[in-house]
Structures are given as C-alpha cells and as structure tokens.
Amino acid sequence: MDSQHYYRISGMENGLRLESRVIEERIQKAVDSGNRYLEVEAFGHHGLGGRLWKAGEETVSVRILGSPGQRVGSMGFPNTRIEVMGPTSDDVGWLNAGAEIIVHGNAGNGAANAMAQGKVYVGGNIGARGMTMTKRNPRFEPPELWVLGSVGDYFAEFMAGGIAVVCGYRPQDPGNVLGYRPCVGMVGGRIYFRGPHEGYSQIDAKLTPISNEDWEWLVSNLKTCLDAIKHSHLFGQLADRAQWQLLEARLPHEKGSKPRISVKDFHQNVWDRELGRGGLIGDLVDFDRSPISVITSGHLRRFVPVWENREYVPPCEASCPTGIPVHERWRLIREGRIDEAVDLALAYTPFPASICGYLCPNLCMQGCTRQTVNILPVDVTQLGKASIKAKTPELPPLTGKRIAVIGGGPAGISVAWQLRHRGHEAVLYDMREALGGKISALIPKSRIPDEIVGAELGRVREALPHVYLQQKLTQDDLEQIKADYDFVVIAVGAQKPRVLPIPGKDKMIPALEFLRQSKLDQVKVGKKVVIIGAGNVGCDAATEAHRLGAKEITLVDIQEPLSFGKEREAAEAIGASFRWPCFSKAVTKKGLELTTGEVIHADTIIISVGDMPDLDFLIESIATDRGFIKVNEHFQTTDPKVFAIGDAVQLGLLTDAIGAGRKAAQTISDILEGKRPRGDTRKMLDYTRVKVEYFDPRLTKFDGVEECASQCSSCGSCRDCGICITMCPQAAISKKENGKDFELVVDPERCIGCGFCGGVCPCGIWNLVENDPLE
C-alpha cells in the first residue's frame, strides 16, 4: 500500500522526541478509531506494534520507519502484521502471541524471546539468546523464527517449543552460523540450519535426519520467508537439501547417563532383599508387601474430590443486602428461561427494576469474582431494567395472621411484600399522600423515570390492598395497633433533618425538603447554590439545583466527601465543585461564612448533614439508642411483638432497607409457624476456587442480557459444562440425573485424587479434601 494511505504517527513533535508511552497511546487510539494501516516514525521508541487487540478479527498493518527501540511487536496479537524497514534493537517479538513481524535488516539480542505464537522473519543476522524460552500451545500453530543470516551465542537456550530456521546466508563471512553453545537446556522444538557450526549441547539436543515431509514444509515456507524479506532471488541458492541439517530436543529418557531400573527389578532385588524374608525385618512382621500402584485409588487416595454444589453463597449474592441469587437468574437466561429469570427477583424484592436497574450502587457487581482480576463484572443493571416486565406472582391463601407495618417506604413495602407472599396479611400505614417513601418522593427524575416507579408501585398495590395513607400516629395509636395485630413492624425511615446550631440556620433549606419540593417543581433556587454536606443526598440536591437553573454550585464538607457512585458522577457532570475541609460559622445575607472568615457567596443554601428518624410515637417498651431503635440480629426490638427495620434502625442504602424487610419477614413467619428464627448459614465461596481464565478479559461492554449470562462464572453453582468429566484422566466422574436436577458422582475405584476436576472447574464446585485416615 502507498504511504499516502497509511495513518502516520511520528515520534517527534515540535522538535522534541515523544515518550514511548505517548506513541503507544496514539497507536492504540488510531486502531480504536478504525485505522488499519499505520506508519510509525521511530526514534528509539520501544514496544511498537504490540497488544493491538481492539481491532478484533481485522488485520492491522504497522510499518516502522527510522530506528525502533527494544521489544518491537512485544505481546503481538494474531491480527497484527509489523514490518520494520531496517534493523531493529533487542527483544523483537518478545512474548509474541500471534503477530507476524518482518525485519529488513539485523536484529539485536533476544529475538523471539518467550514467543508462544506468530512468526518473526529477519532479513539479516540476530544477536545472542534468540529463540530462548519459547513455548508452544498445542491448540495453535507453533511459533516460528526465520533468520536469513546467522544467530548469536546461546541460541535456543531453554527452548520448549516452536521452530527456528537459520538460513546461514553470509556471503562475506561463511563461518559458524549457530554461535557459541546453542541448545543449552533445550526441551522442545526444532532448529533447521544451513552452514557450518562449532557444536551444540549434545546433552539437550541431537541431530536428526530431515524427512521428506519436513523438507516439503521447509521449502514451502522458505519461499514465504524470502518473499516477506524481499530476497526471493535467493531461493534457488538456499533450497539445496544437502546443505540443511535438523536439531531436535532430546527426550527426557535420552538425557540420563545412568541406566534406569524398572519398578519390578527394584521390588525384587532391593525391596524384598532388604525387607523380605531373610532381610532386616522380614522375619519379625507379617504384612502384605505386595506392590501398591504408584497412582492409588479408593481408600488409599490421599485426597478425595467432593462435589460441593450450592453449598456456598456466591460473592454476588453475599454482597447483595437483599440476598438476590443473581447467578441463578443468569442461569435461567442461559437456559432460555428469561421470563423466569425476570420473575425470580420478585421473591426477594418488590422493586427489582427501580433498585437493581437504576438506584442501587450494585454491590453484587462490586463483589463479582471477575473484579478480582480486573475483568468487567457482569452487568446486572440490564437484568434489573428488564425486570419491569415481571408479573405479580400468585399469592398464597391467607393464614389469618395480621401484621401492621408502619411506614410505606422501601423497607415497609419490602417487609409487607414478603409477609404477604408467606400467606400473612400485611396492613400498611404511612403519613404521606402516596406510597414509595424516598423512591417516589425524593429521588430526582434524572435518576429514575416516573413510569418505572409508578409501574412497580402499581404491582405492589395489587399484592397489598390494605394501605392507610396520611396516618400520623401517636403513642396511643401504636398501643392500639399492637393490640389489634399479631406483630408490628416499624419502618418510618429517617425524615427529621439534622441542623447546625449557627446564626442564620433558619435560612437553610433541609435537603430532603428541597428534594421533595423539587420533585413537584414547587421550589426555586438562585444562580449560586451552596450545599453543606457532600454526601450522596447532597449530590442529588446539586443535580436538582442545576436542573432548576443554578449556574454555580458548591458542596462543602468537614472531611473528604463520602459520596460515590452515580450520585457523585452526576454532580460532577453538571460542574459542581467540592470543597473540604470547610467549617460553617454562620449564614449571612451574602452566603455561607466559614470559620476562616471566608464567605462563599450564595443565593440559596441547602443543608444535607444527615437525618434522624422521628420516633415521638414510640411506646415505653421499645428502647432506643442515640436516636435510633434498638434491635437484635433478627430486627426484633425490646418489645417482642414489635420489629424495626430500615433507616429507623441504622442509616443505609435502599437495598439495605429492602434486605432488612426480607429478613424480618422471615423471622416473623418462623415465629408464627412455631419455628426458631433461621437464617442462611452458608459461607461465601472463596474467590480463589473460581477460574475466570475461561472468559475474555477484553470485553468492555455487554450487548444484552444473553451475553451477560454467558459471562457469569456461576460461582458455587454447577454450570453442567462437563469440563471436569472431560479432563478427568481416569474417567472417574459421571453425571447422575435426578428428575429435573442432577449431580456429579465420583467412582472411588477409578479416582486417583489428582485434583484435576477442582483445577479446571470454572464454578469452584469441586473441593479436594484429605481422605479418612486408615486404621
């Protein structure tokens, strides 16, 4: 291709040499932008042409002019073709994983060092230690190094695979073409060479006749090499079979200098002679001295594989306060049961779309095993948003037990939802005009569409018909409710704002009140807004202030802000500034005065330093601790008939409140059924048991829930992939059908306890444990 069609990248800019890192970034950006023909002018830059995986299956051609530095084509990909228009420095093709590299000149030391795939053609000589530590994956073609001239010292040192071809074309110096001490430590691979040599490591390598098949391969590929380095005119001179020789690695048994003794001979001539009859102890003991197989099975195994399917909680489920088995939903999708996957979430939360799809910081994704190796976690938000189509499950008949739930926010709705799905009647009381709490009244429309919230609350009303709104309760009311119902659950949230005891505090707007009014478009702000408190609620207030017309928004905090996730990103996106540490002294006509004397000018000041629950209605039997309701591990208060959950107990995330509702409902249901309250006693699966090597680390996004499901490791739950069955060297593992379910069983007489099953299992199901000791 003509130079004018290449995308040019120069290593010099404004008379200054650019760093290799900058050139690497520009090459990657060019490929990412769709360029497939690159011309790089090098000035000693290293690592040129490597790791160009963003092009996928498309071929990327890189032509290098000038003087490249070390490691041209290092970690090159199969889609890459690199052509160096002159000599190159050390380590060309280092760790090459499939690229084709052509050098029109000599190459330095370490050519093709540790190469695993691909081809390197050198139209000259190379330095010392070329083709060292190469290896071959039998799934792919072996790596190849072609050298027109000669190679330097210690060639093919520790070579473990691949093919090297040394043409020995040196018209001016027809001497040794293999350098000093080639093939030291060679354990695999082949070396075709032409010309004289001064010896090689005969302990590690041997000369082998070239078969007809080998010669046909050499001649065919020699043409390709000479064409690539533009020396095709030499083919007739180099294609003389009589001039070529072949070196191969010796097999392990060929390297030993001492003859081996068979196990049978050892047993007869050493073991029995020393320990048998007439030996040291042969007359003193009477036990079976017959040979035991070198590889044992049955009760003689030291280790035994155990199939621990579903015995551990996967990290995603363990990280989710609501306890949603995300991996099970992905399994259903892999099986084509998308509707079931969508509906399954309703067994754990009444808000699968609102929370999982929009509002949750997705702790399951943060805990995903893929994160441990910096691979993109499976995107549960896609499944969450799809859950808006979930259908209200069929409700069981009522048991006659009635539970009052005080509070119609996420926690209250969650516990009521769970109780109704266990057959108990749940009656909701809330002081607001509508159900939903923070979800419907406070969270900005920019974070979740109104129709999503409306649809999920509509589904809630179908399951929970008994709702009493605008009910502000007193202590007498609570006493009466306690008498009328089997249990009471308090889920009033935290609605009472904390304030700062500073002059002018009456001029500040509480953040929750501001968000409530902004949701109804009933509040106005000035051009300059200051928000005291830079947490997530403060960030929501900032984005709403911007929507209402504020131009300059400043969030101040006494410490580094604790805001995170989507709320923080949204605040930063609208240009809000964060300042800390800042200590407020007074609110004046000009704005917020700090203890330093500085005044941050503001037309509107919003305070967001936390909120407390309003617990004036509590009765004496319910204890509190520093303004929050005191509960045990089952969310039961000091009054055994009253439970408390959500922000009334401890401030937390929406998913914390929903998870607390589910656990409290389980405890209440257990008590009503005469059982001891129970919980999930399973431990989280250890990350190290899961093998993520099966998944593509290059994915940067997921196209649909089906692709998400395919990338889930299914930690702790068997995917029925059959890898363990295939890899077992003894064919000891078989699948046993059990109705709609199955299990994998191990034949102890075949199993040798090698642990291959655990080593290859992508899900971490197999555990290798010590066998019971022999008596």
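These figures come from a predicted structure and were not determined experimentally. (Residues numbered from 1 in each chain as written. Predicted model: local features only at pLDDT ≥ 70, side-chain atom pairs only at ≥ 80, totals over all residues. Heavy atoms only, no water.)

(A) Just the overall build of the protein, in detail. Helices and strands together make up the secondary structure of the protein, namely 22 helices and 34 strands. Relative to its length of 775 residues, the protein is extended, with a C-alpha radius of gyration of 36 Å against a globular reference of 28 Å. Within the protein, the proportion of its 775 residues that are buried is 49%. Relative to all contacts within the protein whose residues are 6 or more apart in sequence, the contacts with residues 24 or more apart total 62%. Surface accessibility of the protein: about 38,100 Å² in total, with carbon and sulfur atoms responsible for 51%. Taking the average place of the 91 positive charges on the side chains of the protein and the average place of its 97 negative ones, the gap between the two points comes to 2 Å. (Helix = DSSP H or I, 4+ residues; strand = E, 2+ residues; numbered from the N terminus. Rg over C-alpha atoms; globule rule 2.2 N^0.38 Å. Buried < 20%, exposed > 50% of the residue type's maximum accessible area, 1.4 Å probe, protein only. Contact = heavy atoms within 4.5 Å. Areas by Shrake-Rupley, 256 points an atom, 1.4 Å probe, with all protein chains shown as cover. Lys, Arg positive; Asp, Glu negative; His and termini not counted. Charge placed at Lys NZ, Arg CZ, Asp CG, Glu CD.)

(B) Looking closely at unusual backbone geometry. Of the consecutive residues Trp580 and Pro581, the connecting peptide bond is found in the cis state with omega at -15°. Tracing the chain through its elements places Pro581 in the loop between strand S23 (577-579) and strand S24 (584-587). In this structure, Tyr154 is a non-glycine residue whose phi angle is positive, near 55°. A relative accessible area of 23% means that Tyr154 is categorised as partly exposed. You will see that Arg310, though not glycine, has its phi angle at about 60°, which is positive.

(C) Looking closely at the packing of helix H12 (residues 410-421) against helix H19 (residues 654-672). Interaxial distance between H12 and H19 falls to 8 Å at its minimum, and their mutual angle equals 35°. The interaxial crossing formed by H12 with H19 has right-handed handedness. Here Pro410, Ala411, Ser414, Val415, Gln418 and Leu419 of H12 come into contact with H19, specifically with Leu654, Ala657, Ile658, Gly661, Arg662, Ala664, Ala665 and Ile668. Across the contact of H12 with H19, the residue classes break down as 10 nonpolar, three polar and one charged. (Axes fitted to C-alpha atoms, helices over the stretch in contact; angles between N-to-C directions. Left-handed = near helix turned anticlockwise from the far one by under 90°. Nonpolar A, V, L, I, M, F, W, Y, C, P; charged D, E, K, R; others polar.)

(D) Here's a closer look at the sheet that holds strand S15 (residues 402-406). Spatial strand order, S17-S16-S15-S18-S31: five strands in an open sheet with parallel pairing. The outermost strands of the open sheet, each flanked by one partner alone, are strand S17 (467-468) and strand S31 (642-644). One ladder, built from two bridges, connects strand S16 (residues 425-429) with S17; its direction is parallel. For Tyr429, the partnering residue across the bridge sits in S17 and is Tyr468. On top of the sheet, H19 reaches S15, strand S18 (487-490) and S31; it is set at about 170° to S18, its chief contact. (Pairing = 2+ DSSP bridges.)

(E) Structural view of a negative patch on the surface. A grouping of Asp476, Asp477, Glu479 and Glu620 is seen on the molecular surface, where their side chains present a negatively charged patch. Its location among the elements puts Asp476 in helix H15 (residues 475-484). (Patch = residues over 30% accessible without salt bridge, like charges linked within 9 Å, V, L, I, M, F, W, Y side chains within 5 Å. Salt bridge = Lys/Arg side-chain N within 4 Å of Asp/Glu carboxyl O.)

(F) Molecular detail of the domain arrangement of the protein. Looking at the assigned domains, one finds that the protein contains domain 1 (1-84), domain 2 (105-260), domain 3 (305-309 + 718-770), domain 4 (315-391 + 686-710), domain 5 (402-486 + 615-672) and domain 6 (496-612). Inter-centroid distance (C-alpha atoms) of domain 1 to domain 3 is 47 Å. (Domains from an automatic or database assignment.)

(G) Up close: the layout of surface pockets. Approximately 760 Å³ is the volume attributed to the second largest pocket. Along the walls of the second largest pocket sit 29 residues, with Glu317, Arg662, Lys663, Gly679 and Asp680 positioned nearest its centre. Listing elements by their share of the lining of the second largest pocket, those giving two or more residues are helix H6 (315-319), helix H7 (326-334) and H19. The element that contributes the greatest number of residues to the lining of the second largest pocket is H19, accounting for four residues. (1 Å grid on protein atoms, 1.4 Å probe; cavity = no way out; pocket = protein on both sides within 12 Å on 5 of 7 lines; lining within 4 Å. Points joined across faces, edges and corners; volume = space filled by probe spheres on them.)

(H) Inspection of the sheet that holds strand S26 (residues 599-601) at higher detail. Strand order across the open sheet formed by three strands is S24-S25-S26, with antiparallel pairing between neighbours. Each end of this open sheet is capped by a strand with a single partner; those strands are S24 and S26. Averaged over all adjacent pairs, the angle separating strand axes in this sheet is 25°, with direction ignored. Taken together, the three bridges between strand S25 (residues 591-594) and S26 define a ladder with antiparallel strand orientation. Following the sheet pairing, Gly591 is matched in S26 by His601.

(I) Expanded view of the packing of aromatic side chains. For the structure shown, the criterion picks out nine aromatic pairs. Between Tyr192 and Trp217, the aromatic rings sit 5.8 Å apart at their centres with planes inclined by 25°, giving stacked as the arrangement. Separated by 25 residues along the polypeptide, Tyr192 in strand S11 (residues 188-194) and Trp217 in helix H2 (residues 212-228) bring together distant segments of the chain. When its relative accessible area of 24% is taken as the criterion, Trp217 is described as partly exposed. Each ring, one from Trp307 and one from Phe742, has its centre 6.0 Å from the other, and the planes form 45°; the classification is tilted. Taken as a pair, Trp307 in strand S14 (residues 303-307) and Phe742 in strand S33 (residues 741-746) lie far apart in primary sequence, 435 residues in all. Judged by relative accessible area, which is 15%, Phe742 ranks as buried. Of the aromatic side chains, those joined through ring pairs into one cluster are Tyr121, Trp146, Tyr192 and Trp217. The ring of Trp94 has Arg71 sitting right over it, with the charged end atom 3.9 Å from the ring centre. If you follow Arg129 out to its NZ or CZ, it ends over the ring of Tyr154, 4.6 Å from the centre. (Phe/Tyr/Trp six-rings, centres within 6.5 Å; stacked < 30°, edge-to-face > 60°. Lys NZ or Arg CZ within 6 Å of the ring centre and 35° of its normal.)

(J) A look at the side chain of Asp611. Inspection of the secondary structure puts Asp611 in strand S28 (residues 611-612). One buried charged residue, Asp611, forms no salt bridge at all, with the nearest opposite charge on Lys438 at 5.9 Å. Ignoring any residue separated from it by four or fewer positions in sequence, one finds Asp611 in contact with Ala494, Lys496, Pro497, Arg498, Leu512 and Leu651.

(K) Structural detail: the pattern of salt bridges. Scanning the entire structure with this criterion turns up 41 salt bridges. Ionic pairing is found between Lys438 and Asp647, a salt bridge with its closest N-O pair at 2.9 Å. Placement of the pair is Lys438 in helix H13 (residues 438-441) and Asp647 in the loop between S31 and H19, with a sequence separation of 209 residues. Linking Asp670 and Arg678 is a salt bridge whose minimum nitrogen-to-oxygen distance equals 2.5 Å. Relative accessible area serves as the criterion here: at 1%, Asp670 is assigned to the buried category. Three or more residues joined by partner-sharing salt bridges are found here, namely Glu328, Arg331, Glu335, Arg337 and Glu340.

(L) Just the nonpolar core, in detail. By size, the foremost hydrophobic cluster in this structure holds 49 residues, and its most contacted members are Ile126, Leu145, Phe155 and Ile191. In terms of residue count, the dominant contributor to this core is helix H1 (residues 20-32) (five residues). Taken domain by domain, the makeup of this core includes at least three residues from each of domain 1 (1-84) and domain 2 (105-260). When residues no more than four places from it in sequence are discounted, the contact partners of Ile191 are Phe155, Ala156, Met159, Ala164, Cys183, Met186, Gln245, Leu246 and Leu247. Membership of the second largest hydrophobic core comes to 43 residues, among which are Val405, Leu419, Ile448 and Ile452. (Core = buried A, V, L, I, M, F, W, Y, C linked by side-chain atoms within 4.5 Å.)

(M) Spotlight on a nonpolar patch on the surface. Together, Ile261, Phe266, Val270 and Trp271 make up an exposed nonpolar region whose accessible area comes to about 360 Å². The topology assignment puts Ile261 in the loop between helix H4 (252-255) and helix H5 (263-275).

(N) Seen up close, helix H9 (residues 352-359). Of all eight residues making up H9, eight are buried, and the element is well covered by its neighbours. Where H9 is concerned, the buried positions are Pro352, Ala353, Ser354, Ile355, Cys356, Gly357, Tyr358 and Leu359. The elements touched by buried residues of H9 are helix H11 (380-386), H13, helix H14 (450-463), helix H18 (565-573) and H19.

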